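# Observations on the three-dimensional arrangement
So you can see what is in the structure, the chains are spelled out below.
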Amino acid sequence: MSTARGFSIGDVTIPYQGLAIASTAVLIGSSLKVLYDITNIAGDTDTLLLLVAGAFIGATLLARVVPEWVACGIGALLLAGGMFGYYTTIPGGVDVFSQTGHIIADNIALLTGLSILEMRKVGTWALGVAPATVFVPWYLVFRRRYMLAAAAGGAALGFFVLTGDAGSFVTLVGMLGALGIVAFGTMARYGGTVGQVDVLVVALIVMVLLSATMSVVPGGRASPILPSQSSGGSGGSGGLISNSAQLSIQGSIELSPKVQYTVTANHGSYWKVASYDRYTGDDWIRTGKSQSYHAQSSLGQSYTVRQTFTVKAKQVDAMPAAWKPIKVIGSQQQSNTRISSAGSLSPTQPLTNGSSYSVVSEVPSASPSGLNEAGTAYPSDIENQYTRLPGSTPQRLTTKTNEITADAKTPYQKATAIEQWLEENKEYSLHVKRPDGNIADSFVFDMDKGYCVYYATAMTAMLRTQGIPARFVTGYTKGQRTDEDTWVVRGLDSHAWVEVYFPDTGWVRFDPTPSTQRSNAEQQIVDEARQNGKSGVDTAGSQNGTWTPETTTTTTTSDTTTTTTTTSSPENGSNVSTGPNGRGNVGDKLGTSGPTTTTTTTTNASALGGGGGGIPIELPSKSQSLYGGLLLVGLLLTARRMGLIEWAYRTVWMRWQPREDPGTDVERAFDRLEYYLSRKHRKRRPGETPREYLASLSHVGIDERARRVGSLYERAQYAGEVTRENADEAVSLVNEIVRGSTPDGTSG
């Protein structure tokens, strides 16, 4: 029960001051949970715990001797010092004053939905803000400034809610902590009564609803790997072909057989959309910012791919291209293109059906022997960014990878060993249950099957346990080849693979997903869609089967004559050449020996758009359904209070009349007429007969139709003699009146 001093449980009384302090710990703890998750990914949890402990101790001691304005100044200095330390670690950040515009832009982006995890030096940032997050509210609650303590702690939590990094549970716990600070602090100052418990219960309910509402604000943590529209993505879930910065790995998915775009190119390739560097254990995040288009340069040996894409989907937000794109053709296309920090392209505005663009790419072509000799002299920024794993990664993953690569001497040999192990020991399937915990670890040890997202995630993490820079990549496989220089790419061709960094060569593709199993599954989906007559499955001759190149030919263009050596190798449904045991050929998988077909062609300089249909159908989660249901109930209650439901019902009721027996039809027709006249002129007075009511409105233009309906109504009411023809006439006349028709049938 509640007393003036505290909350009593049996013979024990807990002071309200103690409850307010405990509530402050809960509020601060909700923000620290977010910071701990961030530093866990960055591997700085020990440092975070030391800083937090120091801030708690310092605030507790200073609360007894330091005035509030001094303590707030200390908190501000802690925050400013932490931010200064963070900005000095990023390029161009030493001169913080000259970076003021960037600092403001960064914080605005965070407050409008940019996740903190998308920041490159996120661990340093978290360590910078942690002391101030703890010190200020903890100091204030010991000074009995409860409202200020709740405001300070709530501001930190609110920041994480706006960035989308505080989940619904963390948000709920934090808001309950803020409520406890205010409630128990007020009781500690003014005394408590039993009646105040009711107020707390009501406030608790409001907080639960508010936290549920805030948890579904746009900009939340990670969007599913492949957004929910039409199905697609050979291996992914929605975001494979989306340009989302955060991709969470899903369970079972469905693939779309619909054509997303056509490609005209002098060489087939994997068409890359995006790459992701930060692995959290259950999703992938792309750090860094995109910037306006500028031409790129290639690294090491390469061959040129000129490609033109034409969008066949309704709308897309990605620009697939062979890696590495170095030039976008056309000034207008350049002005509408952005480049990510990792070098991938994206449109400034979504591309629509029929739009096109052209890209020139330089594909790495170092030989396997060259990659074997590449060494490990990685640039420091590449090594730091692409070898990190979350601190929660089980040690057994490293142990298993050591076992698999025991006989490998070079990074290339280790990469091929891991790739081969995954291909041979895991089965391809789109129907899997998403595991709890670390995805890579679960796939290696606990799962027998999965699709490309699982294969690529596992291989990337395994490579990183060996200190080899690797990143998770999404995009499309080649698609179905329908002519010498034309490919048709469907939603089910969206895919995930791995890129490994080699000094003097750059990023090289590896694909651990079993190509034959994947291609067979995709072809089955296409065949079934064709048999069922599904639209959008074929275009540009794709229904005629896969085009197969012939043997040696010579191709001549207006300015170039090239002798072409081709290999007649049949290609499967997704156009991936396969070697022994279903594994992709080294040159095809890695791009290491150049294309198997070298042809001089003249490409169209107008060009493409990304594919928008590699998206699995994902049902709403239970929490989303619950929150959606609560929101719907709230909207209905609000609409009812405002009379909107009654208005909508009456509007439909007045304009549409179901038919029953003649007497009932005439009575309802008159009721509709009366309601219409009451809204347009006045209501019928008590005791006023229908005839008197209609006669009183004759001066405002009531015509003979209304009087006729009134006459039929009186006959039905008093004589009980109406026929089906009378009922049809009454309903028809009222329909004309309420719909604004004049007696001659024209619109009034």
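Residues numbered from 1 in each chain as written. Predicted model: local features only at pLDDT ≥ 70, side-chain atom pairs only at ≥ 80, totals over all residues. Heavy atoms only, no water.

## Regarding the overall build of the chain
Let me state the cut-off plainly: Per the convention used, a helix needs a DSSP run of H or I reaching at least four residues, while a strand needs a run of E reaching at least two, with both numbered from the N terminus. A 1.4 Å probe rolled over the protein chains alone gives each residue an accessible area, and that area as a share of the maximum for its type sets the label: buried under 20%, exposed over 50%, partly exposed in between. Working rule for contacts: check all heavy atoms of both residues, and any pair within 4.5 Å makes them a contact. Throughout, the Shrake-Rupley method with a 1.4 Å probe supplies accessible areas, and for residues the shown protein chains are the sole cover considered.
The number of helices and strands found in the chain is 23 helices and 25 strands. The buried share of the chain, taken over its 748 residues, is 50%. Pairs at least 24 residues apart make up 75% of the contacts formed inside the chain by residues separated by at least 6 positions. Accessible surface, the chain as shown: approximately 33600 Å² in total, 56% of it carbon and sulfur.

## Some details on the packing of aromatic side chains
As a reminder, the rule being used: Working definition: rings of Phe, Tyr and Trp (its six-membered ring) pair if their centres are within 6.5 Å, and the pair is stacked with planes under 30 degrees apart, edge-to-face with planes over 60 apart, and tilted otherwise. The rule is short: NZ of Lys or CZ of Arg within 6 Å of the ring centre and within 35 degrees of the ring normal puts a charge over the ring.
Counted according to the given criterion, the structure contains 24 aromatic pairs. Considering the side-chain rings of Tyr270 and Trp497, the 4.9 Å spacing of their centres and the 75 degrees angle between planes classify their relative orientation as edge-to-face. Here Tyr270 is found in the loop between β5 (259-265) and β6 (271-276), whereas its partner Trp497 is found in strand β22 (residues 494-502), with 227 residues between them in sequence. Seen in terms of ring centroids, Phe309 and Tyr357 are 5.5 Å apart; in terms of plane orientation they differ by 20 degrees. Their pairing is stacked. With Phe309 in strand β10 (residues 302-311) and Tyr357 in strand β16 (residues 356-364), this pair connects stretches of sequence that are 48 residues apart. Overall, the relative accessible area of 0% leaves Phe309 in the buried class. Joined through ring pairs, the aromatic side chains of Tyr261, Trp271, Phe309, Tyr357 and Tyr476 make up one cluster. One cation-aromatic arrangement involves Arg471 over Trp507; the distance from NZ or CZ to the ring centre is 4.1 Å. Over the ring of Tyr270 we find Arg509; its NZ or CZ atom is 3.9 Å from the centre of that ring.

## What about unusual backbone geometry?
Residue Trp323 is joined to Lys324 through a cis peptide bond whose omega torsion reads 15 degrees. By the secondary structure assignment, Lys324 is in the loop between β11 (315-316) and β12 (325-329). At Arg144, a position not held by glycine, the phi torsion is positive, near 65 degrees. Along the polypeptide, Arg144 turns up in the loop between α5 (122-142) and α6 (146-163). Its identity as a non-glycine residue notwithstanding, Asp504 has a phi of 70 degrees, on the positive side. By the element assignment, Asp504 lies in the loop between β22 and β23 (506-510). You can call Asp504 exposed: its relative accessible area is 63%.

## Re a negative patch on the surface
As a reminder of what qualifies: Patch members must show over 30% relative accessible area and no salt bridge, and they are joined within 9 Å when carrying like charges or within 5 Å when they are nonpolar side chains of Val, Leu, Ile, Met, Phe, Trp or Tyr. Salt bridges, as used here, are contacts in which a Lys or Arg side-chain nitrogen is within 4 Å of a carboxyl oxygen on Asp or Glu. Note that His is not counted, nor are the chain ends; the positive residues are Lys and Arg, and the negative ones are Asp and Glu. One atom stands in for each charge, and that atom is NZ of Lys, CZ of Arg, CG of Asp or CD of Glu.
The grouping of Glu660, Asp661, Glu667 and Asp671 at the surface amounts to a negative patch. Inspection of the secondary structure puts Glu660 in the loop between α19 (644-655) and α20 (662-680).

## Re helix α2 (residues 45-62)
Rules: Expected span, for any helix, means 1.5 Å times one less than how many residues it has. As used here, the arc is the angular range of directions from the helix axis to the C-beta atoms.
Taking 1.5 Å of rise per residue, the 18 residues of α2 would be expected to cover 26 Å, and the 26 Å separating its terminal C-alpha atoms lies within 8% of that figure. Buried within α2 are the following residues: Thr45, Leu48, Val52, Ala55, Gly58 and Ala59. Projected down its long axis, α2 carries its buried residues within an arc of 155 degrees, all on one side. Exposed and oriented more than 90 degrees from the buried face of α2 are Asp46, Leu50, Ile57 and Leu61.

## Quick word on the packing of helix α1 (residues 16-42) against α6
Going by this rule: The axes used here are C-alpha line fits, helices contributing only the stretch in contact, and every angle between their N-to-C directions lies in the interval 0 to 180 degrees. Angle categories: roughly parallel below 35 degrees, roughly antiparallel above 145, roughly perpendicular from 65 to 115, and oblique for all the rest. Crossings are sorted by hand: turned counterclockwise from the far helix by less than a right angle, the near helix makes the crossing left-handed, and turned clockwise it makes it right-handed. When residues are grouped by polarity, Ala, Val, Leu, Ile, Met, Phe, Trp, Tyr, Cys and Pro land in nonpolar, Asp, Glu, Lys and Arg in charged, and all others, Gly among them, in polar.
Packing of α1 against α6 brings their axes to within 9 Å, and their N-to-C directions diverge by 15 degrees. By the angle between their directions, the pair α1 and α6 is classed as roughly parallel. The element α1 and its partner α6 pack so that their crossing is left-handed. For the pair α1 and α6, contact is made by Gln17, Ala20, Leu27, Ser30, Ser31, Val34 and Leu35 and by Tyr146, Ala149, Ala150, Gly153, Gly154, Ala156, Leu157 and Phe160, respectively. Of the residues in the contact of α1 with α6, the class split is 10 nonpolar, 5 polar and no charged.

## With respect to the side chain of Asn735
Cut-off, in case you're wondering: As used in this structure description, the phrase polar contact means that two N or O atoms lie within 3.5 Å; if the pair is within protein, one of them must be able to donate a hydrogen and the other to accept it, and residues adjacent in sequence are counted only when both atoms belong to side chains.
Structurally, the position occupied by Asn735 is in helix α23 (residues 724-738). The exposure class assigned to Asn735 is buried, which follows from its relative accessible area of 17%. A polar contact is formed between the side chain of Asn735 and the side chain of Arg672, at a distance of 2.6 Å. Ignoring anything within four residues of it in the chain, the contact list for Asn735 reads Arg655 and Arg672.

## What to know about the pattern of salt bridges
The full count for this structure, using the stated rule, is 22 salt bridges. A salt bridge links Asp527 to Arg530; its shortest N-O distance comes to 3.9 Å. Remark: Arg530 and Asp527 occur in helix α16 (residues 515-531); sequence separation between them is 3 residues, near one turn of the helix. In this structure, a network of salt bridges that share partners links the residues Arg490, Asp527, Arg530 and Asp538.

## A short note on the sheet that holds strand β14 (residues 345-347)
Counted only if it meets this: Note: two strands are recorded as paired if DSSP finds a minimum of 2 bridges between them.
Overall, antiparallel pairing links the 3 strands, which are arranged β9-β13-β14 in an open sheet. Here the strands that pair on one side only, and so sit at the sheet edges, are β9 (291-292) and β14. Sheet topology places β9 next to strand β13 (residues 337-339); 2 bridges connect them, and they run antiparallel. For Gln291, the partnering residue across the bridge sits in β13 and is Ile339.

## Re the sheet that holds strand β21 (residues 486-490)
Spatially, the 6 strands line up as an open sheet ordered β12-β16-β10-β5-β21-β20, and their pairing is antiparallel. Of all strands in the sheet, those with a lone pairing partner are β12 and β20 (480-483), marking the two edges. Averaged over all pairs of adjacent strands, the angle between strand axes in this sheet comes to 30 degrees, irrespective of strand direction.

## Describing the packing of α20 against α23
Contact pair α20 / α23: the axes reach a minimum separation of 8 Å and the direction vectors enclose 20 degrees. Taken together, α20 and α23 sit at an angle that is classed as roughly parallel. Considering how the two elements wind past one another, α20 and α23 form a crossing that is left-handed. Packed against α20, whose contacting residues are Pro662, Asp665, Val666, Ala669, Arg672, Leu673 and Tyr676, the element α23 presents Arg724, Asn726, Ala727, Ala730, Val731, Val734, Asn735, Ile737 and Val738 at the interface. The class makeup of the residues in the contact of α20 with α23 is 11 nonpolar, 2 polar and 3 charged.

## Quick look at the environment of Arg684
Mapped onto the secondary structure, Arg684 falls in the loop between α20 and α21 (690-696). Spatially, the C-alpha atoms of Arg684 and Glu674 are 7.7 Å apart, while their sequence positions differ by 10 residues. Here the side chain of Arg684 touches Glu674 through a polar contact of 3.4 Å, side chain to side chain. A polar contact of 2.7 Å, which involves the side chain of Arg684, links it to the backbone oxygen of Glu688.

## Some words on the environment of Asp407
Within the element layout of this structure, Asp407 appears in the loop between α12 (395-404) and α13 (411-425). On the accessibility criterion, Asp407 (72% relative accessible area) is exposed. Sequence separation between Asp407 and Ala417 is 10 residues, and the spatial gap between their C-alpha atoms is 8.9 Å.

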